[in-house]
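Tertiary structure, described
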Amino acid sequence: MGVEDVTRFGAAVLLVSVAVLVALVGNRISRVVRVPAPALFLVVAALASDLWPALGHLSAEMDSRIVTVALVIILFDGGMGLGWRRLRPALAPVLWLGVAGTVVTAAGLAVAGHALFGFSWRSSLLLGTALAPTDPAVVFSVLAGRELSGRSGTILEGESGANDPVGIALLVSVLGATGADAGAVWRGIGEFALQMFVGVAVGLAAGFALRWAVQHIPLPSEQLYPIRVLAGATATYGLATVAHGSGFLAVLLAGVLMGDVEAPFQLEVERFTSALASLGEIVAFTVLGLSIPLVELVTSGEVWIGLAIAALLIVVVRPLLVGALLLPIRLRLSERLFVLWAGLKGAVPILLGLLILESAEPDAPKLYGIIFVVVLVSVVVQGGSVPTAARLLRLPMRETDPPHPYAIGLRLRRAPQGLYRFTVLPGSPAAGARVSELGLGGRAWLSLARRDGELLPLRQDTELHEGDHLLVQADSSADLDALFTPQETPS
């Protein structure tokens, strides 16, 4: 390697490092201006690619590979953040919206694309399928540091994770189905069903295998534990994909199963995956922003079509079609409206647009520009208004504890027996209850509690609040889960 090569490599490292540092500042700016950080990453990267065209020279295939890796990490970390204990009360609506909601949204947008904008049925179906999924990166980013009362927050996070694999599998099926005869339709349905079935099977198997490994196979040093979990997540994606299944669905399920596991260095693992997911969000939206010529897009007719489709999606398609699917689900009216408003689009629709670009469909460049505009409108308008929407709908949304940079504690050689950690979740029986009202009797007792970063004195008349973190000593956690798990609310 010559001196010039070393210099160019150093310049590339400097550019990437400065970009990450600027993105970290952007996270702080987004809180001040109330615009989600992903929107800033998208716009700034798109402007940078116009000012320095060399930045946008990556191929659509390379862009999709980079974003795919980032999404694997984001989905796995999101699954861990949900966990089975938190997801279980909202599992039915999550699955229902994740599958049926994606299908009806894709169909509604396809009809609009064909009837109102004159696209062919194939192009309309590709556009609708690409824009149907909500996005975990944006949803997790917007809800980060905030807790919603009831099940609406869990449903939104679960839906954004569940409908990504569905949307990706649908698009792959549409791209692979050539022709318009009944045989092509059945081949597409068969491909979709195969991806879902294999994704679920691999995700469950890999999740349970990873749980067993982290609980029973020790490693030489604590630094290796997070790496093992990360390798397990990426291996899950690879195995499911090689088996012609949905790797994203497999990764999400594996993350959910890892979310509540009691294992050595679990806190360090969670911090590691969370940090990587934050980096993945920055990388994904920056790469996607670099892939679009912003000035050219703004001066083209695609921006107006994109704005019109965004308005249809936000005001008509999701409220009517997904709203109809929500009718049998037990939710308060305010929670229903919030779920319908906060169906945010993001990296996944743009990734699907990249897949359309790679396929060399006749309308691919035009469809990609429209998808970018719709995503930008969704992130800025819907994402930026989420706290306001919660306030107008009188949904309690509390800011979670700020970061606690210092910690004190004990490390043990073995897992403590009979000691369990719980968080008082919104909508759970423990939220707002006094310690004496928990009905613990002599079978369990609260040993330690934290609220807003401070130790909470525990007495019989102490009232527990949403977000309190507790250490509970008991013979078993089975009888305690219901106390800290959100309960269904009547419609």
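As a reminder, the structure under discussion sits directly above these lines.
Residues numbered from 1 in each chain as written. Predicted model: local features only at pLDDT ≥ 70, side-chain atom pairs only at ≥ 80, totals over all residues. Heavy atoms only, no water.

One open sheet holds the 4 strands; their spatial order is β3-β6-β4-β5, and the pairing between them is antiparallel. Single-partner strands in this sheet number two, and they are β3 (419-423) and β5 (454-455). Strand direction decides the pairing type here: β3 and strand β6 (residues 469-474), joined by 5 bridges, are antiparallel. In the sheet register, F422 faces β6, and the bridge partner there is L470. (Pairing = 2+ DSSP bridges. Helix = DSSP H or I, 4+ residues; strand = E, 2+ residues; numbered from the N terminus.)

Core analysis: the biggest nonpolar cluster contains 100 residues, and F76 and F372 have the highest contact counts within it. Among the elements that line this core, the one with the most residues is helix α16 (residues 364-384), at 12 residues. Discounting residues that sit within four places of it in the chain, F76 has contacts with L210, V229, A233, V251, A254, G255, M258 and T273. (Core = buried A, V, L, I, M, F, W, Y, C linked by side-chain atoms within 4.5 Å. Buried < 20%, exposed > 50% of the residue type's maximum accessible area, 1.4 Å probe, protein only. Contact = heavy atoms within 4.5 Å.)

Moving on to a nonpolar patch on the surface. A cluster of nonpolar residues, V315, V316, L320 and L321, forms a patch on the protein surface that exposes about 340 Å² of accessible area. Positionally, L321 belongs in helix α13 (residues 302-326). Given a relative accessible area of 31%, L321 falls into the partly exposed group. (Patch = residues over 30% accessible without salt bridge, like charges linked within 9 Å, V, L, I, M, F, W, Y side chains within 5 Å. Areas by Shrake-Rupley, 256 points an atom, 1.4 Å probe, with all protein chains shown as cover. Salt bridge = Lys/Arg side-chain N within 4 Å of Asp/Glu carboxyl O.)

As a further point, take the packing of helix α3 (residues 60-87) against helix α7 (residues 152-176). Packing of α3 against α7 brings their axes to within 10 Å, and their N-to-C directions diverge by 130°. Put simply, α3 runs oblique to α7. The handedness of the crossing between α3 and α7 comes out as left-handed. The segment α3 lies against α7, with L75, L82, R86 and L87 engaging G153, T154, E157, G158, G161 and D164. Taken together, the residues of the contact of α3 with α7 sort by class into 3 nonpolar, 4 polar and 3 charged. (Axes fitted to C-alpha atoms, helices over the stretch in contact; angles between N-to-C directions. Parallel < 35°, antiparallel > 145°, perpendicular 65-115°, else oblique. Left-handed = near helix turned anticlockwise from the far one by under 90°. Nonpolar A, V, L, I, M, F, W, Y, C, P; charged D, E, K, R; others polar.)

Further remarks concern empty space enclosed by the protein. Applying the stated rule across the entire model yields 2 cavities of 30 Å³ or more. Taken together, V139, V142, L143, L156, A342, L344 and V386 make up the full set of residues lining the second largest cavity. Here the lining of the second largest cavity is composed, by residue class, of 7 nonpolar, no polar and no charged. (1 Å grid on protein atoms, 1.4 Å probe; cavity = no way out; pocket = protein on both sides within 12 Å on 5 of 7 lines; lining within 4 Å. Points joined across faces, edges and corners; volume = space filled by probe spheres on them.)

Only one face of β6 is buried: it carries L470, V472 and A474, and the other face, with H469, L471 and Q473, is open. In terms of strand pairing, strand β4 (residues 444-451) meets β6 through 6 bridges, oriented antiparallel. If you follow L446 over to β6, its bridge partner there is V472.

We now examine the packing of aromatic side chains. Summed over all chains, the structure comprises 2 aromatic pairs. With 4.7 Å between their ring centres and 50° between their planes, Y225 and F265 make a pair best called tilted. Taken together, the residues Y225 in helix α9 (residues 224-242) and F265 in the loop between α10 (247-259) and α11 (266-290) connect sequence positions 40 residues apart. Residue classification places Y225 among the buried residues on the basis of a relative accessible area of 7%. Judged by relative accessible area, which is 24%, F265 ranks as partly exposed. A centroid spacing of 5.4 Å and a plane angle of 65° characterise the contact between Y237 and F248, whose relative ring orientation is edge-to-face. You can see Y237 sitting in helix α9 and its partner F248 sitting in helix α10, a full 11 residues away along the chain. Using a relative accessible area of 22% as the deciding quantity, one classes Y237 as partly exposed. On the basis of relative accessibility, which here comes to 7%, the residue F248 falls in the buried class. (Phe/Tyr/Trp six-rings, centres within 6.5 Å; stacked < 30°, edge-to-face > 60°.)

Following the sequence through the fold, L340 ends up in helix α14 (residues 333-341). Each C-alpha atom of the pair L340 and V322 lies 7.2 Å from the other, and the pair is 18 residues apart in sequence. L340 has contacts with R318, P319, V322, G323 and L326, leaving out every residue within four places of it along the chain.

As enumerated under the stated definition, the model contains 5 salt bridges in all. In this structure, D461 and R459 form a salt bridge, with 3.7 Å as the shortest nitrogen-oxygen distance. Judged by its relative accessible area of 47%, D461 falls in the partly exposed class. The class for R459 is exposed, based on a relative accessible area of 53%.

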